Amino acid sequence: MPIATVNPANGETLRTFEELGAEEIERRLAAAASAFRDYRTTDLPERARLLNRAADLLEEDQESVARIMTTEMGKPLAAARAEAAKCVKAMRWYAAHAAELLADEHPPQTEVADSGAVLARVRYRPLGVVLAVMPWNFPLWQVVRFAAPALMAGNVGLLKHASNVPQTALYLGDLFRRAGFPEGCFQTLLVGSRAVEGVLRDPRVAAATLTGSEPAGRSVAAIAGDEVKKTVLELGGSDPFVVMPSADLERAVRTAVTARVQNNGQSCIAAKRFIVHADVHDAFVERFTARMAGLTVGDPMADTTDVGPLASEQGRADLEELVDDAVRRGATALCGGQRPKDLPQGWFYEPTVLTGITPDMRIHREEAFGPVATVYRVGDVDEAVELANDTPFGLSSNVWTTDTAEQERFARDIEAGGVFFNGMTASHPALPFGGVKRSGYGRELSGHGIKEFCNVTTVWHGAEPARGT
């Protein structure tokens, strides 16, 4: 895939970029390794100062970087502005909290005395150079939620971004440089996917993090496993959105629409499978379909647009295949199910609601990465839990119920990295984020995220012999 900015609203190629050659990759690897030797010893107040400066710069650049993101991958401009603001928040959160998150831990002396220690503690030290392989759907946020904690922990970063968001990738490298981080602390590598293996196998790279597709995750995990290097993977999701009889139906419907079409439906944690109790199923479907059909699809730069284009022509083709397969096998499209006739250019797809989904349909098992919702009817909690878990993924989940017993049941039994009650799944700097099953492993954000790329070191002190004897 060429490294290029292609406007998904009209298919126009705006800029192309040359891939870095072997000599330049080597120079940047050497710079990263050199930077880590010094940066790892900087104190936390200095790291916080630098990260806060990066946050200030990003806040100043909010409008310009939002327009770059919208141009490169098609998210509505309002959503791009919100993404930039979220990154600023995360940077400032880690700058404020890293010291307490990384503070030495001291087990009670009474618990370690029989080890012979007069003092024992746990210290969190940085691992080194971390390779980040990042996707296009949240091109700023996905990177910052790795970079902010990694840099605060004393690591340095190499970014291999998706090939269709090169200007966002270059902006990020320039942002940390302008903030004053030492040369080599955070660098963008404009390379294709074929270069990832060589960089990851390089002994100067200590670990890797990847957000992206399951095949990409498998590849990176296999290479890292062969090299015995730590990885964190956040892969796909097919999140359930469960609605039970006690739910505030109007709020659930409004949230369901937003949860499905956020980022033009191209979000791993977007609600995708709507599992609705029979008592409220018909009312939910009627309102949900009406709202989905009423969304404005169009120019992502316009503030009146609800849903912009998909990020790539191939992405739209993949989505069409899933919908067409389902309809051929008996599903009903209550709205959408095709390209908008009034938008012949660009990679647009109508918001779509499918019912009558059966296990033999591909969309029952595969992630629909676009504004397509599947709706199921269930009769009780047991059936809802079973269907929610009937997926190879386990990233997050939404459950709408005010019944505390039901809440406890769903929180206990849903197989996912998160269970959100009566609200939309979202990532937040203070809360761990990640999944189970084929959605990956490890956690980003919160204290869990900052410690993923730390050497958890036991520091043990024995009794010293008396001096002068």
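Structure's up top.
The shown structure was predicted, so the numbers you read here are calculated from the model rather than taken from an experiment.

(A) Summary view of the sheet that holds strand E16 (residues 420-421). Spatially, seven strands are ordered E11-E12-E13-E10-E9-E15-E16 in an open sheet, and the strand pairing comes out mixed. Edge positions in the sheet fall to strand E11 (332-335) and E16, since each of these pairs with one other strand and no more. Relative to strand E13 (residues 372-378), strand E10 (residues 271-277) is paired through five bridges, and the arrangement is parallel. Paired with Val-276 across the bridge in E13 is Arg-377.

(B) Structural detail: the sheet that holds strand E4 (residues 129-133). A sheet is described by the order of its strands in space; here six strands give the open sequence E6-E5-E4-E7-E8-E18, paired in mixed fashion. Two strands in the sheet have a free side with no partner beyond their single neighbour: strand E6 (186-188) and strand E18 (440-441). When strand E7 (residues 205-211) meets strand E8 (residues 230-234), the two strands line up parallel, connected through five bridges. Bridge assignment links Thr-211 to a residue of E8, and that residue is Glu-234. Running at roughly 155 degrees to strand E5 (residues 156-160), helix H1 (residues 22-39) makes contact with E4, E5, E6 and E7 of the sheet.

(C) Spotlight on the pattern of salt bridges. In total, this model carries 40 salt bridges according to the counting rule given. The network of salt bridges with shared partners includes Asp-61, Asp-174, Arg-177 and Arg-178.

(D) Region of the structure containing helix H10 (residues 249-261). Taking 1.5 Å per residue, 13 residues should reach 18 Å; H10 reaches 18 Å between its end C-alpha atoms and fits that length. Within H10, burial applies to Leu-249, Ala-252, Val-253, Thr-255, Ala-256, Val-257, Ala-259, Arg-260 and Val-261. Here the buried face of H10 lies against strand E9 (239-243), E10, helix H11 (278-293), E13 and strand E15 (398-400). Of the residues one or two after H10, Asn-263 is the one with positive phi, at around 60 degrees.

(E) Structural view of the environment of Ala-221. Within the secondary structure, Ala-221 sits in helix H9 (residues 214-227). The class of Ala-221 is partly exposed, set by a relative accessible area of 22%. Taking C-alpha positions, Ala-221 is 8.7 Å from Val-232, a pair spaced 11 residues apart along the chain. Each residue touching Ala-221, except ones within four places of it in the same chain, is listed here: Leu-233 and Tyr-441.

Cut-offs used in this document
- Residues numbered from 1 in each chain as written.
- Predicted model: local features only at pLDDT ≥ 70, side-chain atom pairs only at ≥ 80, totals over all residues.
- Heavy atoms only, no water.
- Pairing = 2+ DSSP bridges.
- Helix = DSSP H or I, 4+ residues; strand = E, 2+ residues; numbered from the N terminus.
- Contact = heavy atoms within 4.5 Å.
- Axes fitted to C-alpha atoms, helices over the stretch in contact; angles between N-to-C directions.
- Salt bridge = Lys/Arg side-chain N within 4 Å of Asp/Glu carboxyl O.
- Expected span 1.5 Å × (residues − 1).
- Buried < 20%, exposed > 50% of the residue type's maximum accessible area, 1.4 Å probe, protein only.

None of the figures reported here should be taken as evidence of function without further support.
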